[in-house]
Structure formats: structure tokens, C-alpha cells
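Each chain is listed here by its residues.
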Amino acid sequence: MKHRALGALALAVALLAETPAPSVPDTLAGQALTGWLQAFDSGNRTTYQEFLRTKYPSILKDVDDEMQFRQMTGGFDVRRIVTSEPNKIVAILEDRDNEQFGELTLTAQPGDPYVIANLDVRAIRTPAEFAPPPMTQAELIAALRDRVAAQNAAGRFAGAVLVAKNGTPVFEEAIGLADRARNIPNTVQTRFRIGSMNKMFTAVAVMQLVQAGRVKLDAPLGTYLKDYPNKELASHVTIAELLDHTGGTGDIFGPQFEAHRLQLQTLADYERLYGSRALLFKPGSKWDYSNYGFVLLGLVIERVSRQSYYDYVRTHVYVPAGMTSTGSEPEDRAVPNRSIGYTWTPDGTLEPNTDTLPYRASSAGGGYSTVGDLLAFANALQSHRLLNAHYTELLTTGKVDTPNGGRYAYGFEDQTVNGVRCIGHNGGAPGQNGELRICPAIGYVVATLANMDPPAASGIENFAVIRLPK
């Protein structure tokens with residue numbers, strides 16, 4: 001069966017390789033795209049820095065971040081030109097290391113010969129025309145095992161992977177080191193930091209309170225946080241808008257977070273730091289991912305339940321789901337089997353992500369889990385042990401379009417991947433990356449966790465999900 005899997009994979013790769021690369025138009029924007037790709041794909045910091053200095057000086061100060069991005073992707077190939085104008089071009093790119101796609105938008109200004117005014121690359125799901133054919137389950141398992149080994153050997157993945165069919169694992173594997181200094185290997189029981197995947201648990205908790213009649217989705221935040229400092233925000237942003245990221249409440253990361261990282265020990269600490277901040281836009285008018293919105297939802301859970309967020313989620317989500325290895329203990333506490341996260345430095349080496357971590361996870365993200373616990377969560381959700389059928393559907397059905405081509409529900413992403421609808425959420429930060437995809441119609445669940453920078457786990461998840469049997 002392994003031979004068949006490799007044969008199918010080789011055929012898919014060969015077919016893609018035979019697709020001729022599109023020619024980049026010889027316009028001002030096209031020249032800028034070609035120049036940027038040559039400099040970026042080189043992987044040479046000096047080469048790229050010189051390009052930025054003359055052609056894109058506004059981001060020269062971010063060259064270290066740019067080189068880390070190059071480290072994560074391996075560079076890009078142009079797969080399709082979406083639109084082309086003299087000064088603007090939109091193109092579909094595929095990264096060379098992770099089989100993931102992005103949409104690039106570049107605007108150029110005339111000069112000697114040009115200057116890039118803006119360049120943005122956003123992740124998208126694999127376009128249908130580039131999706132490989134589905135595999136049988138046996139083929140997928142063999143191909144996935146080889147992919148995990150290859151990505152680890154190339155220094156692009158360390159973590160754990162689980163694929164389940166109808167609630168039962170059909171593939172479980174861990175690879176790489178949980179602690180490089182002490183040579184402790186990852187196992188399927190290793191606890192990995194999960195970043196924003198916590199949002200699924202927070203959303204389930206809120207919907208439990210909605211189902212019980214204790215919270216209303218259309219009620220403004222001030223109904224539950226009566227003393228919230230910014231009265232305009234409290235009176236206009238609804239619980240539903242916080243859940244689907246249309247509230248305009250902004251992020252928590254940036255200079256303020258960096259200055260107070262270790263002092264932010266409770267959800268109330270976040271409210272004290274950000275509570276007077278103004279809205280970014282009229283609530284409900286657009287989608288904008290908001291970590292702070294989910295911090296506010298955690299505060300709502302605390303006020304309504306009269307429990308800490310951590311106690312409520314443990315009692316009402318983790319325990320009924322059978323999640324025995326998931327939690328949010330502070331970083332200064334010893335947690336058995338919790339891996340150390342490793343992040344790439346600008347000079348291409350890995351170092352622990354310790355200096356980037358908050359004191360403790362919040363309702364927006366930062367906890368830890370295992371691939372087995374993520375499957376337990378998926379099974380409990382689908383069997384309605386956490387919410388009844390009506391509220392489970394309300395929780396997971398997409399409400400608003402997102403830039404990556406999917407739709408966002410309440411703490412869940414709702415996406416169609418190679419013709420199959422999957423729900424779940426990802427998480428990513430320096431030294432941590434995770435993905436959970438639940439595909440109800442075909443009965444598969446894919447969970448991937450890594451103690452490395454994104455897209456370590458996302459690349460593995462994408463590889464598996466776009467090849468799932470139908």
C-alpha cells in the first residue's frame with residue numbers, strides 16, 4: 001500500500017510540475033513582482049536587504065521578520081495571475097516547502113524604475129485547480145507518514161499528528177524533540193501550546209450559557225460587563241459580534257502587550273490595560289480578527305457563571321469531553337509533558353520561545369493540549385455532549401466571509417477544502433502551531449500540533465486534508 005500511496009503522490013506532483021508557470025506581465029507591477037520574488041526567494045539577507053533599500057524602503061526595518069517569513073515558506077512560485085493592471089497585480093503563489101498557497105497583491109509606483117507602494121500576501125486554501133486527487137485511506141496514511149518524516153528531516157516540523165475516521169484514530173505519529181537541550185522526544189501524549197485554538201473552547205462555553213438562557217447573542221457587552229470603561233463599546237458591541245470577529249475591538253498584541261507581558265495575569269488585567277480603547281470601526285460592518293474580543297468573552301463567562309474562566313472551561317468543556325491533558329496553567333508552573341516551543345531567529349537558528357510567552361493563556365488563546373484531546377473535543381462536539389444539535393450547528397456554521405476564502409462562525413472556521421466542508425480552528429505564534437479540522441460529511445478529523453513556528457503544523461494539516469478520501 002505504501003507503494004500505491006507514493007505512486008499517487010508522485011503522479012499528483014508530476015501533474016502539477018507539468019503545469020507551465022504563468023508568465024508575469026511585463027508591466028510596472030509585473031516587473032516589481034519579478035524583482036521581489038528573485039530577491040525574496042534567494043534567501044540571502046544581504047540580497048534581500050539591498051532590494052528593499054532601493055525598491056521597498058518602507059519595510060526595510062522589518063527585514064528580520066521578512067527573512068523569518070522566507071525561512072518558513074522556502075520562497076514562492078507564481079501559479080496564477082488573477083488580475084493585472086499597469087501599477088497593480090494580484091497573483092496566486094505556492095510556497096516551496098509546505099504546499100500551501102497565498103494570494104499576493106502588489107502595487108507599484110513609477111520611479112527609477114519603480115518603487116513598491118504595498119505588498120501583501122495572505123494565506124488561502126488550495127485553489128481547486130491545484131488540488132491533488134483524493135487518496136484512499138491506506139494511501140493517505142502511507143503518504144502522510146512519509147511527509148511527516150520528510151518535513152522533520154528538513155527541519156520544518158516537530159510535533160504530533162492524528163487522523164481519525166468516525167471517531168477512531170487511524171493514524172497517530174509524533175516526531176522531533178519536545179526539549180532539545182535534554183533530548184526529550186515528542187510523543188502523541190506531549191502537550192503542545194495551541195495558540196488561538198482556545199477560541200473554540202471559549203465559544204463553546206459562551207454558547208452553553210446561551211443555550212441555558214443566561215446569555216443572549218444579540219445583547220450588548222454592557223449587559224454583562226456593567227462597569228466596562230468604554231461605554232460606547234459596551235453599549236454597541238454584541239456577544240455575537242465578539243464571537244464572529246465583527247465587533248471592531250482590536251488586538252491585544254503590540255507595544256502595550258510587550259511592556260506588560262508578565263503583568264497580564266488575569267482577564268481583568270487585560271480589561272484594565274485596554275478597556276478605555278476606542279472601537280476600530282462600526283460593530284457589524286466588517287470582519288477583523290480580534291483577540292481582545294475573545295478576552296471580553298472570557299470576562300462575560302466569568303461574570304455570568306461566577307467562576308474563573310479557567311475553572312468554567314475545565315468543568316464544562318474539558319471534563320465532559322474527556323480532555324485530560326488540556327489546560328492553561330501559568331508558564332512558571334511545571335506541567336508534565338509540556339513541550340518547549342522553538343522559534344527561528346533571523347540568523348536561521350532555533351531558540352526557545354520563552355521570552356515571547358504571556359504569563360498565562362487567556363480566553364483568546366495560549367493554552368496547551370494533545371492531539372488525542374483535540375480528537376476527544378471533536379467527538380464530544382459532534383455527539384452533542386457539549387451543546388445540543390441546534391446550538392452546535394449555530395456555533396459552527398459560517399456567518400461572515402474571511403480573507404482566506406472561508407467563513408467564520410462563532411469561534412470556528414467553516415471552510416470548504418477540495419470540495420469537503422471542514423470546521424475547526426488553527427493557532428500560531430513563535431514556537432507554536434496547531435490545527436484541528438473536523439469534516440463531518442466524510443467522518444474524518446485531522447489534528448496537528450507542533451512546537452515550532454507556523455506553518456509547521458498547518459503545512460502537515462493542509463497536506464492531509466486536501467487528500468482525504470471522499
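These figures come from a predicted structure and were not determined experimentally.

Colleague: So, helix 2 (residues 28–41): which residues are in play, and what are the values?
Modeller: Residues lying three or four places apart along an α-helix face the same way, a consequence of the helix completing one turn every 3.6 residues. When the terminal C-alpha atoms of helix 2 are compared, their 20 Å separation across 14 residues agrees well with the 20 Å that a helix rising 1.5 Å per residue should span. Every buried residue belonging to helix 2 is among Leu28, Ala29, Gly30, Ala32, Leu33, Gly35, Trp36, Leu37, Ala39, Phe40 and Asp41, and all of these are buried. In this structure, the buried side of helix 2 is in contact with helix 3 (45–55), helix 4 (63–73), strand 1 (76–84), strand 2 (88–95), strand 3 (101–110) and strand 4 (114–124). Two residues or fewer past helix 2, glycine 43 is found with a positive phi of approximately 70°.

Colleague: Can you explain the nonpolar core? Please cite residues and give values.
Modeller: The nonpolar side chains of a soluble globular protein tend to be buried, and buried together. Within the largest apolar cluster, 77 residues are counted, with the highest numbers of intra-cluster contacts made by Phe201, Ile239, Leu243 and Phe377. Leave out the neighbours within four places in its chain, and phenylalanine 377 touches Met200, Phe201, Val204, Val317, Ala321, Met323, Leu386, Phe412 and Leu436. Within the second largest apolar cluster, 30 residues are counted, among which are Leu140, Trp344, Ile460 and Leu468.

Colleague: How would you summarise the pattern of salt bridges if you had to cite specific residues and measurements?
Modeller: Throughout the structure, instances matching the rule amount to 26 salt bridges. Between glutamate 329 and arginine 360 there is a salt bridge, and its shortest N-O distance comes to 4.0 Å. Linking glutamate 329 in the loop between helix 12 (309–321) and strand 10 (342–344) with arginine 360 in the loop between strand 11 (350–352) and strand 12 (367–369), this pair joins segments that are 31 residues apart in sequence. A residue is classified by how much of its surface remains accessible, and glutamate 329, at 27% relative accessible area, is partly exposed. Accessibility expressed as a relative area gives 17% for arginine 360, which makes it buried. The structure contains a network of salt bridges with shared partners spanning Arg125, Glu413, Glu435, Arg437 and Glu461.

Colleague: So what's going on with the pairing of strand 5 (residues 159–165)? Which residues, and what values?
Modeller: The buried fraction of strand 5 is high, at 6 of 7 residues. Here strand 5 hands over to strand 6 (residues 168–175) after 2 residues, with asparagine 166 in that stretch at a positive phi of 50°. Judged from the 7 bridges that link them, strand 5 and strand 18 (residues 444–450) form a sheet pairing that is antiparallel. Across the sheet, valine 163 pairs through a bridge with valine 446, a residue of strand 18.

Colleague: Break down the packing of aromatic side chains for me, citing the residues and quoting the values.
Modeller: This model, assessed by the stated rule, comprises 15 aromatic pairs. Taking the centre distance of 6.2 Å and the plane angle of 55° together, the rings of tryptophan 287 and tyrosine 289 count as tilted. A relative accessible area of 28% means that tyrosine 289 is categorised as partly exposed. An aromatic cluster is defined as three or more aromatic residues linked by ring pairs; in this entry it consists of Trp36, Phe40, Tyr48, Phe69 and Phe76. The cationic tip of lysine 199 hangs over the ring face of phenylalanine 294; the distance from NZ or CZ to the ring centre is 5.7 Å.

Colleague: An account of the environment of valine 304 is requested, with residue identities and associated values reported.
Modeller: With respect to the helices and strands, valine 304 occurs in helix 11 (residues 291–305). Each C-alpha atom of the pair valine 304 and leucine 225 lies 9.4 Å from the other, and the pair is 79 residues apart in sequence. Residues in contact with valine 304, not counting those within four places in the same chain, are Leu209, Arg214, Val215 and Tyr224.

Colleague: Outline the sheet that holds strand 2, supporting the account with residue identities and numerical values.
Modeller: Across the sheet, which stays open at both edges, the 4 strands sit in the order 1-2-3-4 with antiparallel pairing between neighbours. The open sheet is flanked by strand 1 and strand 4, the only strands paired with a single partner. Strand after strand, the sheet turns through a mean of 25° between neighbouring axes, direction not considered. Bridge count for strand 3 against strand 4 is 10 bridges, and the pairing is antiparallel. Looking across to strand 4, one finds that leucine 106 is bridged to leucine 119. Across the face of the sheet, helix 2 comes into contact with strand 1, strand 2, strand 3 and strand 4 while running at roughly 120° to strand 3.

Colleague: Please provide a residue-by-residue account of the sheet that holds strand 13 (residues 400–401), values included.
Modeller: Ordered in space as 6-5-18-17-16-15-14-13, the 8 strands form an open sheet in which the pairing is antiparallel. Across the chains shown, the open sheet's two edge strands, defined by having one partner strand only, are strand 6 and strand 13. Against the sheet, helix 5 (residues 137–153) contacts strand 5, strand 6 and strand 18, and its axis sits at roughly 15° relative to strand 6.

Colleague: How would you summarise helix 6 (residues 198–211) if you had to cite specific residues and measurements?
Modeller: Taking 1.5 Å per residue, 14 residues should reach 20 Å; helix 6 reaches 20 Å between its end C-alpha atoms and fits that length. Positive backbone phi, at 80°, marks glycine 213, one or two positions downstream of helix 6.

Colleague: Explain unusual backbone geometry to me, using residue names and the numbers behind them.
Modeller: The omega torsion of the bond from proline 454 to proline 455 falls at 5°, within 30 degrees of zero and hence cis. Topologically, proline 455 is positioned in the loop between strand 18 and helix 15 (456–465). A positive phi is found at glutamate 99, a non-glycine position, where the angle reads about 60°. The residue glutamate 99 is located in the loop between strand 2 and strand 3 in this model.

Procedures and definitions
- Residues numbered from 1 in each chain as written.
- Predicted model: local features only at pLDDT ≥ 70, side-chain atom pairs only at ≥ 80, totals over all residues.
- Heavy atoms only, no water.
- Helix = DSSP H or I, 4+ residues; strand = E, 2+ residues; numbered from the N terminus.
- Expected span 1.5 Å × (residues − 1).
- Buried < 20%, exposed > 50% of the residue type's maximum accessible area, 1.4 Å probe, protein only.
- Contact = heavy atoms within 4.5 Å.
- Core = buried A, V, L, I, M, F, W, Y, C linked by side-chain atoms within 4.5 Å.
- Salt bridge = Lys/Arg side-chain N within 4 Å of Asp/Glu carboxyl O.
- Pairing = 2+ DSSP bridges.
- Phe/Tyr/Trp six-rings, centres within 6.5 Å; stacked < 30°, edge-to-face > 60°.
- Lys NZ or Arg CZ within 6 Å of the ring centre and 35° of its normal.
- Axes fitted to C-alpha atoms, helices over the stretch in contact; angles between N-to-C directions.

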